[in-house]
Amino acid sequence: MIRRVLPLVIVAFVLGCDSTAFTFASAGADCTLGGVAVSPASLSMVVGDTTTVTASLAACQTSTAAFSWRSSNPAIARVDSVQGLVRAVGAGQASVIASVVGDTTLKGTVAVVVTTQ
């Protein structure tokens, strides 16, 4: 039996989540490797609000990953490092960053704006 192997097309592009990803296309099927998707991508909160953000690893095969969360400005938005629970504590702007445990080069960012009302 002779099998034909279709060529893979590799395209590199930079995602808005500060990581490089690769798209593989073969026989009409696409998938992304190396990206972290966060949800929601942005938050508008009032001081005192809490909400949970989520992250997932984009991959060709079903994959699970553990994430570590941190805030760029804990005076504005604090985040539980394991569960992704964000608490608005002061007016201003911050970023909540999800990093893959074991590979902190893979990360996604949630833009957070906190107001007093």
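One numbering rule holds for all chains: residues counted from 1, following each sequence as written. Reporting in this predicted model follows two pLDDT cut-offs: at least 70 for local features of residues, and 80 or more for side-chain atom pairs to be given and counted; totals over whole chains, interfaces and linings ignore these cut-offs and use all residues. Computation of side-chain values covers all heavy atoms of the structure but excludes hydrogens and water.

A. Molecular detail of the sheet that holds strand S5 (residues 42–46). DSSP-based pairing: two strands are paired if at least 2 bridges between them are found. Secondary structure counts use DSSP, requiring at least four H or I residues in a row for a helix and at least two E residues in a row for a strand, with both numbered from the N terminus. Reading across the sheet, the four strands line up as S5-S12-S11-S8 and stay open at both edges, with mixed pairing between neighbours. Only two strands of the sheet have a single partner each, and these edge strands are S5 and strand S8 (67–71). Ignoring strand direction, the axes of neighbouring strands in this sheet form an average angle of 25 degrees. Between N-to-C directions, angles cover 0 to 180 degrees, with each direction set by a line fitted to C-alpha atoms, over the stretch in contact for helices.

B. Spotlight on the pairing of S5. Here the term buried applies to any residue with accessible area under 20% of the maximum for its type, exposed to any over 50%, and partly exposed to those in between, with areas from a 1.4 Å probe on protein chains only. Only one face of S5 is buried, namely the one carrying Leu43 and Met45, since none of Ser42, Ser44 and Val46 on the opposite face is buried. Bridging between S5 and strand S12 (residues 103–115) involves five bridges; their strand directions are parallel. Its bridge partner lying in S12, Leu43 is registered against Val112.

C. Just the confidence of the model for the protein, in detail. On a range of 0 to 100, pLDDT expresses the predictor's confidence in each residue. When the pLDDT values of the protein are averaged, the result is 75; 66% of them are 70 or greater. Note on contacts: a residue pair qualifies if any of its non-hydrogen atoms lie within 4.5 Å across the two residues. Note that pLDDT drops below 50 for residues 1–32; the model gives that stretch 55 contacts with residues more than four away or on any other chain.

D. Spatial organisation of the side chain of Ser71. In this fold, Ser71 is placed in strand S8. With relative accessibility at 14%, the residue Ser71 sits in the buried group. A distance of 3.1 Å separates the side chain of Ser71 from the backbone nitrogen of Asn73, its partner in a polar contact. Within the local environment of Ser71, its side chain forms a polar contact with the backbone oxygen of Ala77, the two atoms lying 2.5 Å apart. Discounting residues that sit within four places of it in the chain, Ser71 has contacts with Ala77, Val79, Ala94 and Ser95. Residues adjacent in sequence count toward polar contacts only when both atoms are side-chain atoms; beyond that, a polar contact is any pair of N or O atoms within 3.5 Å, and within protein one must be able to donate a hydrogen and the other to accept it.

E. Representation of the nonpolar core. By convention a nonpolar core is built from buried Ala, Val, Leu, Ile, Met, Phe, Trp, Tyr and Cys residues, the set being connected through side-chain atoms within 4.5 Å. In terms of nonpolar packing, the biggest core is built from 20 residues, with Met45, Val53, Trp69, Val86, Val96, Val110 and Val112 touching the most fellow members. Going through the elements one at a time, strand S4 (35–39), S5, S8, strand S9 (77–79), strand S10 (85–88), strand S11 (92–100) and S12 are the ones with two or more residues in this core. Residue contacts for Val53: discarding those within four places in its chain leaves Ser39, Pro40, Leu43, Trp69, Gln83, Gly84, Val86, Val96 and Val110.

F. Here's a closer look at the environment of Val101. On the secondary structure map, Val101 appears in the loop between S11 and S12. Take Val101: its relative accessible area is 53%, and that puts it in the exposed class. For Val101 and Phe67, which are 34 residues apart along the polypeptide, the C-alpha to C-alpha distance reads 5.3 Å. Apart from the residues lying within four places of it in its own chain, the contact partners of Val101 are Ala66, Phe67 and Ser68.

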